[in-house]
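Given next are the chains, with one letter for each unit.
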Amino acid sequence: WDWGAAPSGEWRRRAWVGYSQCEVVLKHLSLVNFVAFLVSGGYRTLGDRVLGVRLMHQDPYAARALNLDYVGYFLAWQTFTQLLAFLRPLVSRGAPLVRRR
């Protein structure tokens, strides 16, 4: 049953309208929270902001060991696949690479 198609005075229609309005408000608040996260980096999600939860390391002075080998492989592979995707339309089957006049 489509609650949005119910008559305007019925409780189902009022519940559907209220839910729709809450959904719009939540989307706007999520957008504001995302912008605030990009500016300050405090809370990742709206739920984190409401609960006051932040991601923190147990020891803030511990050394962070990062292995960037896989990042390099990923970037090389991505660049290679983008090059192939660029060249594919230029090299079609049966078409000569050099046109003679």
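Residues numbered from 1 in each chain as written. Predicted model: local features only at pLDDT ≥ 70, side-chain atom pairs only at ≥ 80, totals over all residues. Heavy atoms only, no water.

## Digging into the packing of aromatic side chains
The full count for this structure, using the stated rule, is three aromatic pairs. Measuring from centroid to centroid gives 5.4 Å for Trp-3 and Trp-11, while their planes differ by 75 degrees, and the two rings are edge-to-face. Here Trp-3 falls in the partly exposed class, since its relative accessible area comes to 34%. A centroid spacing of 5.8 Å and a plane angle of 45 degrees characterise the contact between Trp-77 and Phe-80, whose relative ring orientation is tilted. Of this pair, Trp-77 and Phe-80 both sit in helix α3 (residues 69–87), separated by three residues, roughly a single helical turn. In this structure Phe-80 comes out as partly exposed when scored by relative accessible area, which is 41%. Lying over the aromatic face of Tyr-43, Arg-54 brings its terminal NZ or CZ to 4.7 Å of the ring centre. (Phe/Tyr/Trp six-rings, centres within 6.5 Å; stacked < 30°, edge-to-face > 60°. Buried < 20%, exposed > 50% of the residue type's maximum accessible area, 1.4 Å probe, protein only. Helix = DSSP H or I, 4+ residues; strand = E, 2+ residues; numbered from the N terminus. Lys NZ or Arg CZ within 6 Å of the ring centre and 35° of its normal.)

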